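If you want the building blocks of each chain, they are given just below.
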Amino acid sequence: MTWRGWVSLIAGIWFIIASFIPMGGTGNLVNDLIVGIIVAIVGFLMIPEHAAWQGWIIGLIGGIWMIIAAFIPTITGGYMANLINDLIVGIIILVIALFERPKRKTA
């Protein structure tokens, strides 16, 4: 089992839960829910040791998107809490993806 898979799974579940916290608009709900479901599924698939490669590109894209989305007022609803939540969890997902990246084979 990999710790990166567990952290990604927990981050995805958190986004799903956070999407229903009554703060912000529909954009935040939809964004956090979609990204949360994708990250949770990929995190679950990354848990077995032999499947560690599966989620790094999704985590990379998802993490970068959440960092960008944190600064889009129509998504965060203008609430600082949504901005901080999306920013912090986006950075966590991005860092996990960089740890999960496949290693180069040396000749």
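This one's a predicted model, so the numbers in the text were calculated from it and none came from an experiment.

K.L.:
Could you give an account of the overall build of the protein chain, with specific residues and numbers?
P.N.:
Each helix and strand in the protein chain was counted, giving five helices and zero strands. Counting only residues that meet the buried cut, the protein chain has 40% of its 107 residues in that class. Taking the contacts inside the protein chain whose residues are at least 6 apart along the sequence as the reference set, 70% of them involve residues at least 24 apart.

K.L.:
Summarise a nonpolar patch on the surface; cite the residues concerned and give the values.
P.N.:
Nonpolar side chains collect at one region of the surface, where Ile13, Trp14, Ile17, Ile21, Met23 and Tyr79 lie side by side and expose about 530 Å² of accessible area between them. Examined against the element boundaries, isoleucine 21 turns out to sit in the loop between α1 (3–19) and α2 (26–46).

K.L.:
Outline the nonpolar core, supporting the account with residue identities and numerical values.
P.N.:
The biggest cluster of nonpolar side chains holds seven residues, and these are Ala11, Phe15, Val35, Val39, Met66, Val89 and Ile93. In this view, valine 39 contacts Ser8, Gly12 and Ile93; residues no more than four positions away in its chain are not counted.

K.L.:
Lay out helix α5 (residues 80–100) with the relevant residues and their values.
P.N.:
Spanning 21 residues, α5 covers 30 Å between terminal C-alpha atoms, matching the ideal 30 Å at 1.5 Å per step. Buried residues of α5: Asn82, Leu83, Asn85, Asp86, Val89, Gly90, Ile93, Leu94, Ile96, Ala97 and Glu100, and no others. Where the residues of α5 are buried, they touch α1, α2, α3 (56–69) and α4 (73–76).

K.L.:
Just give me the short version of α2, but keep the residues and values in it.
P.N.:
Here α2 spans 30 Å end to end across 21 residues, near enough to the 30 Å set by a 1.5 Å rise per residue. Of all the positions in α2, only Asn28, Asn31, Asp32, Val35, Gly36, Val39, Ala40, Val42, Gly43 and Met46 are classed as buried. Close packing links the buried residues of α2 with α1, α3, α4 and α5.

K.L.:
Any details on the packing of α2 against α3? Residues and values, ideally.
P.N.:
Axis separation between α2 and α3 bottoms out at 10 Å; the angle between their running directions is 155°. In terms of axis orientation, α2 runs roughly antiparallel to α3. For the pair α2 and α3, the crossing hand works out as left-handed. Contacts between α2 and α3 involve Asn31, Asp32, Val35, Ile38 and Val42 on the former and, on the latter, Ile58, Trp65, Met66 and Ala69. The residue makeup of the contact of α2 with α3, split by class, is seven nonpolar, one polar and one charged.

K.L.:
Any chance you could break down the packing of α1 against α5 for me, citing the residues and the numbers?
P.N.:
In a pair of packed helices, the angle between the axes and the distance between the axes together describe the arrangement. Two numbers describe how α1 lies on α5: the axes approach to 10 Å, and their chain directions differ by 155°. What the angle tells us is that α1 and α5 run roughly antiparallel. Pair α1 / α5 crosses with left-handed handedness. In contact with Trp3, Arg4, Val7, Ser8, Ala11, Trp14, Phe15 and Ala18 of α1, α5 contributes Asn85, Asp86, Val89, Gly90, Ile92, Ile93, Ile96, Phe99 and Glu100. Taken together, the residues of the contact of α1 with α5 break down into 11 nonpolar, three polar and three charged.

The rules behind each value
Each chain carries its own residue numbering, running from 1 in the written order of its sequence. Only residues with pLDDT of at least 70 are given local features in this predicted model, and only at 80 or more are side-chain atom pairs given and counted; all residues enter the totals for whole chains, interfaces and linings. Hydrogen atoms and water are omitted, and side-chain values are computed over all heavy atoms in the structure. Secondary structure elements follow DSSP: runs of H or I of four or more residues count as helices, runs of E of two or more count as strands, with numbering from the N terminus. Partly exposed residues are those whose accessible area sits between 20% and 50% of the maximum for their type, while under 20% is buried and over 50% is exposed, using a 1.4 Å probe and protein chains only. Any two residues whose heavy atoms approach within 4.5 Å at even a single point are treated as in contact. Residues enter patches when their relative accessible area tops 30% and they take part in no salt bridge; the joining distance is 9 Å for like charges and 5 Å for the nonpolar side chains Val, Leu, Ile, Met, Phe, Trp and Tyr. Note that accessible areas follow from Shrake-Rupley with a 1.4 Å probe, and for residues the cover is restricted to the protein chains shown. Definition used for salt bridges: Asp or Glu carboxyl oxygen within 4 Å of a side-chain nitrogen of Lys or Arg. We define the nonpolar core as a collection of buried residues of types Ala, Val, Leu, Ile, Met, Phe, Trp, Tyr and Cys that are connected through side-chain atoms lying within 4.5 Å of one another. Every helix has an expected span of 1.5 Å times one less than the residues it contains. Think of each axis as a best-fit line through the C-alpha atoms, taken over the contacting stretch in the case of a helix, with angles from 0 to 180 degrees between the N-to-C directions. Here roughly perpendicular refers to angles of 65 to 115 degrees, roughly parallel to angles under 35, roughly antiparallel to angles over 145, and oblique to all remaining angles. Each crossing is labelled by how the near helix is turned from the far one, with a counterclockwise turn of less than a right angle marking it left-handed and a clockwise turn marking it right-handed. Three residue categories are used. Nonpolar comprises Ala, Val, Leu, Ile, Met, Phe, Trp, Tyr, Cys and Pro, charged comprises Asp, Glu, Lys and Arg, and polar comprises the others, including Gly.

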